[in-house]
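Descriptive analysis of the structure
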Amino acid sequence: MNRKQKFAVGSFVIVAAVATLIYTAARETSAYFLTMEEYAAEAQAHEGKPLRLAGRVSDGSVEWNPRTLDLAFQIQAIPPRPGSDEAAEAKPVALTEAPTLTVKYNGILPDMFAEGRDVIVEGHVTNRVFEANTLLTTCPSKYEADLEQPEGHPPAGAEAAAGRIASG
Amino acid sequence: MSEIGRLAIVLGFIVAIWGAAASLLGALRRDKSLVTSGTHAAYAFSALTGIAVLALLQLLLARDFNVEYVASYSSSTLPLWYTIAALWGGMKGSLLWWTFILAVCNAVVQLQNRRKNRDQMPYVTATMLVTGAFFLSLLVFITDPFERLPFTPTEGSDLNPLLQNYWMTIHPPSLYIGFVSTTVPFAFALAALATGKLGDAWIRTTRRWALFSWFFLSLGNIFGAAWAYVVLGWGGYWAWDPVENAAFMPWLTSSAYLHSVMIQEKKDMLKVWNMVLVILTFALTIFGTFLTRSGVISSVHSFTQSGLGPFFLIFLGAILVISLALLFWRLPLLKSKNELESVFSREATFLLNNLLFVGIAFTVFWGTVFPVLSEWVRGVKITVGPPFFNQVNAPLGLALMFLMGVGPIIAWRRASWSSLKRAFAVPVIIGIGTGVIALVLGAGNFYAIVAFSISAFALATVLTEFWKGMRVRQTMMGEAPWVALSRLIGKNHRRYGGYVVHVAMVMIFIGIVASSIFKIELQTGVEVGKSIEIGGYTVRFDGIEDESTPHVEIRKAKLAVFEDGEQLGYVYPEKRFYKKPQQPTTEVAIWSTLGSDLYTVLGTYDPDSKVGVFQIFLNPMISWMWIGGFVMFFGTVICMWPSYAERTSEATSRVPAGSRTAS
């Protein structure tokens, strides 16, 4: 094997290693990203699987306990923006018929969280309840909306958090 | 004023098109007057975009809410500093700001090359003006920043409170300067390909520009991380958000280029690869601009479609097709006479380092576009989150750090076993020793131990280089240690400046590793007067103070910080309720030391039960990231400093030019 071939083989090994890393990591950490409509269409298939779900917080559904930091709310499909192509195509659906899903979360409320806001939750569904470990809210304004605000639990690793309430 | 601004961008667009066409035609027909006209157009373009920026600034300062942009991104109570920052706070303004920086870079390039690179300059001018014309065309035809409303709102809807932060006023300009200045090396690369003058000239001319753009990309990324850290309130600084990735990718390819270009200078190798990196870096900056403005990629961004996406994609496609076609056409001229001799050589280390940089860039790219790709290919959107990026990039980052230790002291061409032993014995022992100490001190995490070990190794090799160089000067010249060190750096500032940047990278790396692996987090409700314990700290909740200004209402928690029973001081995390976009924001408070950051967030406060809910993070060694940022700043300045030889050659080259005009 001459030098050129050696380097070709070496470079190939590195490229293959990077590709393998990407492949395995993608397989282990990827999650379906669905809108509420897509989720509702085949809810059973997504039971227990990692999921990212986009929806709108239903009016009057938010229950928040500031002592325990337990949050529960319903999400529903985000209606198409008025004037968009989808809005013209969409069939009118009575609000009561729109499928909803209960989301449970524990943590400090993100600043932008409110009823009627669009959110993205990450977690999985167990018995028709979405257990979210991340709650992302979207800013209502225009261009700045790209400054999403990740709140809640950071990714794995920090779960072994220590700390307790001491009296006095 | 809006008419003046509007006129300026329309004229700027026309002038840019003319300048690009005149430069190209002039170069092809060898018509000097056309080329000169192109140069003049470049200056006019700079002046016109400058006028447009001033016009928008004036409208903002005059608080003319009849202008849609002013009404959307400022208000009558917005402080002056943030009113200026509103120039780049909105999409339209940011595009104008982008064009303006490009125009300034272009003018500087024209001035620098008045008497140099005359064959290449028409192509450089054309490339930069076409890019400028593209950005201005968006403003002229699609989103007019000077658009007036049919009515005048009494009040503006204000700048997003998240952007009303110190870091946010300097982060976007830095990043834009970094992004935009990559156009200069790209333009010279295209000019080199077009003219066939593929020697060292274009690399020497753009060396400092490449470093300059890398410098600002680095600053932009660090400022952005600092902004996320103090503003977003989730205890971290980097979330692998597409917007962050957009700024990180060109930094990676630019870093790769800064290394591989040394191989071209010294060994006349990797010429094609360097071209590819320059083209890739520029394409990634355009891709990044596309990402942050199109709403195509990020889930959260899908609410912010601006309709600019297709235009960016077409421009990006055109850039790649034209530049790769030129590259392919010139491939025969780019053949290298030399080739790699041994795997154990500095050349090979640099090659490996490049593969890793590009590998990381590809990983980030892949993770960012994965949702879109999966939707195209399989019809479902699949996303990957931070764990994906961390899982792939952690081993690649470690390997890169290891190479950073190897690269500076391994021999060129071919390193013998005995030379390897001599050079690496001490650093390897230091590295392993550090790993053992970390293990003994209780760092029970495999990644952390390996990372500390490799960091110590890399640091040791760099410091050995300084030490050896200094000793040589001390014995040869009889200089005092500090004199020897400063002269050593002064004589070879590119090399030693680079080493200083390496030291900075070790600091940043350690900060990242320690803060992500050993982070502690807790969320809890606590009554006034009670305490929370975290790590070695105790935090006592001393009460709530409310403040109100016309702009914002502030609710402030007073937290006393104790360590080992001794009071260190107070921190005041806040909740703010902005009045104009009715929006609450979180203001974190941080007790920062070299060892760790105590990062406190006020969640809610209930006046009846006197219970405040807090989220508290203990982030070990995170300060080293910011310190590393400062060190990187100095290191890069040392690199960019003109050397003695350059200063004198500039001076002498001016003399004959001046005497010619005199005679």
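Residues numbered from 1 in each chain as written. Chains lettered and ligands numbered in written order. Predicted model: local features only at pLDDT ≥ 70, side-chain atom pairs only at ≥ 80, totals over all residues.

1. Observations concerning the overall build of chain B
To be explicit about the condition: Put simply, DSSP marks the helices as runs of H or I at least four residues long and the strands as runs of E at least two long, and each gets a number from the N terminus on. For the radius of gyration, the atoms used are the C-alpha atoms, and the globule rule reads 2.2 Å times the number of residues raised to 0.38. Three exposure classes are used, all based on how many other C-beta atoms lie within 10 Å of a residue's own C-beta (placed from the backbone): buried at 20 or more, exposed at 12 or fewer, and partly exposed between those limits. Here the contact rule is simple: place C-beta atoms from the backbone, and any two residues whose C-beta atoms are within 7 Å are in contact.
From N to C terminus, chain B includes 20 helices and eleven strands. Taken against the 2.2 N^0.38 rule, which gives 26 Å for 663 residues, the C-alpha radius of gyration of chain B at 27 Å falls within 12% of a compact globule. Summarising its shape, the C-alpha atoms of chain B cover approximately 85 × 80 × 60 Å along the three principal directions. Out of the 663 residues belonging to chain B, those deemed buried represent 52%. Long-range pairs, those at least 24 residues apart, make up 71% of the contacts in chain B between residues at least 6 apart in sequence.

2. What about the sheet that holds strand 10 (residues 596-606) of chain B?
Residue and element names in this part refer to chain B. Selection rule: Two strands pair under a simple rule: DSSP has to find at least two bridges between them. Think of each axis as a best-fit line through the C-alpha atoms, taken over the contacting stretch in the case of a helix, with angles from 0 to 180 degrees between the N-to-C directions.
On the basis of which strands lie adjacent, the open sheet formed by four strands has the order 2-11-10-9 and antiparallel pairing. Of all strands in the sheet, those bounded by a partner on one side alone are strand 2 (520-527) and strand 9 (589-592). Direction aside, neighbouring strands of the sheet carry axes that sit 20° apart on average. Here strand 2 pairs with strand 11 (residues 611-620) via eight bridges, running antiparallel. Residue pairing for strand 11: Thr524 is matched across the bridge by Phe614.

3. Regarding the confidence of the model for chain A
All names here are of chain A. For clarity, the threshold we go by: pLDDT is a per-residue confidence score from the predictor, ranging from 0 to 100.
Here chain A shows a mean pLDDT of 72. Residues at 70 or above account for 70%. For chain A, per-element mean pLDDT is lowest for strand 9 (residues 164-166), which scores 28, and highest for strand 5 (residues 100-106), which scores 91. Note that residues 92-96 has pLDDT below 50 and, in this model, one contact with residues that lie over four places away or in other chains.

4. Brief notes about the domain arrangement of chain B
All names here are of chain B. Heads up, the rule is: Where a domain begins and ends is set by an automatic assignment or by a domain database. Here the nonpolar group is Ala, Val, Leu, Ile, Met, Phe, Trp, Tyr, Cys and Pro; Asp, Glu, Lys and Arg are the charged ones; every other residue, Gly included, is treated as polar.
The domains assigned to chain B are domain 1 (1-164) and domain 2 (520-623). One C-alpha centre belongs to domain 1, the other to domain 2; they are set 43 Å apart. Facing the seven residues of domain 1 at the interface are eight residues of domain 2. Per-class residue counts for the side of domain 1 that touches domain 2 are two nonpolar, three polar and two charged.

5. Description of the environment of Phe282(B)
Residue and element names in this part refer to chain B. The topology assignment puts Phe282 in helix 11 (residues 271-294). Classification of Phe282 by C-beta neighbours within 10 Å gives buried; the count is 30. Separated by 48 residues in the primary sequence, Phe282 and Trp234 have C-alpha atoms spaced 32 Å apart. Among all residues touching Phe282, those that are not within four sequence positions of it are Thr182, Thr183, Phe186 and Ile319.

6. Description of the pairing of strand 2 (residues 51-57) of chain A
Residue and element names in this part refer to chain A. In terms of residue burial, strand 2 counts as a mostly covered element, since six of its seven residues are buried. When strand 1 (residues 30-35) meets strand 2, the two strands line up parallel, connected through four bridges. Note on strand 2: the bridge partner recorded for Phe33 is Arg52. Across six bridges, strand 2 lies against strand 6 (residues 118-126) in antiparallel orientation.

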